[in-house]
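A look at the structure
One letter stands for each residue in the lines below.
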Amino acid sequence: MNDIRLYLFQSGSQLCKVHDIKMNQGCGQDMEIPVPWFLLMHPKGNVVIDGGLAAEGLADPRGYWGDAIDAYRPRMRPEQGCVAQLATLGLSPRDIRYVALSHLHCDHSGAVGRFPDAVHLVQRREYEYAFAPDWFAAGAYARKDFDRAGLRWQFLDGEAGQPFDLYGDGALQAVFTPGHTLGHQSFLVTLRNSGTMILAGDAVYTLDHWNETALPGLLASAVDAVRSVQKLRALAERSGATLVPGHDPEAWRRFRLAPGYYD
Ligand SMILES: [Zn+2]
């Protein structure tokens, strides 16, 4: 039986500048970054990981995301929303048991509240910060995504140290990786044939961060961001894991996207 599968999706892309992704680099050059999200199919319940940008925002991008679209302009079609893409695999919103969130920036929070039976997994620190962000980080949060009545949340406490193991079988673990935001987490997915895949989220925008040749252009703490990369690198070395960076255009092209999958 080999019924655990990881699907990689993209909810369009964002147009920004190189320096938004790689601090002090690019001299104002344009950059287009993918907006990845994931589905883990598991016998004990399916998990949407992140969920990309909210398709609902496309009708009125400035009304939905605010002036943040001037720095990160969404390039996305409605059918690239997470609910619509899951439908192409034959999944309805009620087939999703969990929505696991690396953090609550708007290019990761588009799944929140779209799956009526889902429990939303997020670090408690991230959730609290998203309601009261500092001025430089405020534009990245779209409060209408996560400030909704009737959502079911499960708050994780990664600062305590141990990874959180969702099903107790190692298939999906959450590792606390602050720095990009105060409460960021990354995910380790362990599969029978493909081994361990690190869904770094924005702890590793691009391989430049992984290889320590650039800091990210947006961060809450440079020290924490650097140490979170080191933490993930140690985990990768131990498990021989494959790294999936959060927004690396070249690296992303090398992965198999849905309807293909990793098992
Ligand atoms: Zn982010």
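In this report, we go over the structure that sits alongside the text. (Residues numbered from 1 in each chain as written. Predicted model: local features only at pLDDT ≥ 70, side-chain atom pairs only at ≥ 80, totals over all residues. Heavy atoms only, no water.)

Here we look at the coordination of the zinc ion
Each donor-metal-donor angle in an ideal tetrahedron of four donors is 109.5 degrees, and each such angle in an ideal octahedron of six donors is either 90 or 180 degrees. The protein atoms that coordinate the zinc ion are His103 (NE2), His105 (ND1), His180 (NE2) and Asp202 (OD), at distances spanning 2.2 Å. The site at the zinc ion holds 4 donor atoms, and with the angles between them running 90 to 174 degrees, its shape is irregular. Mapping the donors of the zinc ion onto the primary sequence yields the spacing H-x1-H-x74-H-x21-D. The class of His103 is buried, set by a relative accessible area of 0%. Relative accessible area serves as the criterion here: at 3%, His105 is assigned to the buried category. (Donors = N, O, S within 2.8 Å, 3.2 Å for Na, K, Ca; no water. Tetrahedral: all angles 85-135°; square planar, octahedral: opposite > 155°, others 65-115°. Buried < 20%, exposed > 50% of the residue type's maximum accessible area, 1.4 Å probe, protein only.)

Re unusual backbone geometry
In this model, Ala258 is joined to Pro259 through a cis peptide bond whose omega is 15 degrees. Here Pro259 shows up in the segment after α9 (249–253). The phi angle at Cys27 is positive, at roughly 50 degrees, despite the residue not being glycine. Inspection of the secondary structure puts Cys27 in the loop between α1 (18–21) and β2 (30–41). (Helix = DSSP H or I, 4+ residues; strand = E, 2+ residues; numbered from the N terminus.)

Quick look at the nonpolar core
Within the largest apolar cluster, 26 residues are counted, with the highest numbers of intra-cluster contacts made by Leu6 and Val47. Listed by contribution, the elements that provide at least two residues to this core are β1 (5–17), β2, β3 (46–49), β5 (96–100), β6 (119–123), β9 (172–176), β10 (185–191) and β11 (195–201). Counting residues per element, this core draws most heavily on β10, at 3 residues. Apart from the residues within four sequence positions on either side, Val47 is in contact with Phe38, Leu39, Leu40, Tyr98, Ala100, Leu166, Tyr167 and Leu172. Membership of the second largest hydrophobic core comes to 24 residues, among which are Phe9, Leu39, Val48 and Tyr129. (Core = buried A, V, L, I, M, F, W, Y, C linked by side-chain atoms within 4.5 Å. Contact = heavy atoms within 4.5 Å.)

Considerations on the side chain of Gln85
Among the secondary structure elements, Gln85 is positioned in helix α4 (residues 82–87). In this structure the side chain of Gln85 is engaged in a polar contact, spanning 2.9 Å, whose partner is the backbone oxygen of Gln10. There is a polar contact of 2.9 Å between the side chain of Gln85 and the backbone oxygen of Gln80. If we skip the residues at most four places from it in the chain, Gln85 touches Phe9, Gln10, Ser11, Trp37, Glu79 and Gln80. (Polar contact = N/O pair within 3.5 Å; in protein donor to acceptor, adjacent residues only side chain to side chain.)

Remarks on the sheet that holds strand β7 (residues 152–156)
Ordered in space as β4-β1-β2-β3-β5-β6-β7, the 7 strands form an open sheet in which the pairing is mixed. Two strands close off the open sheet at either side, each with one partner strand: β4 (73–75) and β7. Across this sheet, the average inter-strand angle for adjacent strands is 25 degrees, counted without regard to direction. Sitting on the sheet, helix α5 (residues 124–131) is in contact with β6 and β7, with an inclination near 90 degrees to β6. (Pairing = 2+ DSSP bridges. Axes fitted to C-alpha atoms, helices over the stretch in contact; angles between N-to-C directions.)

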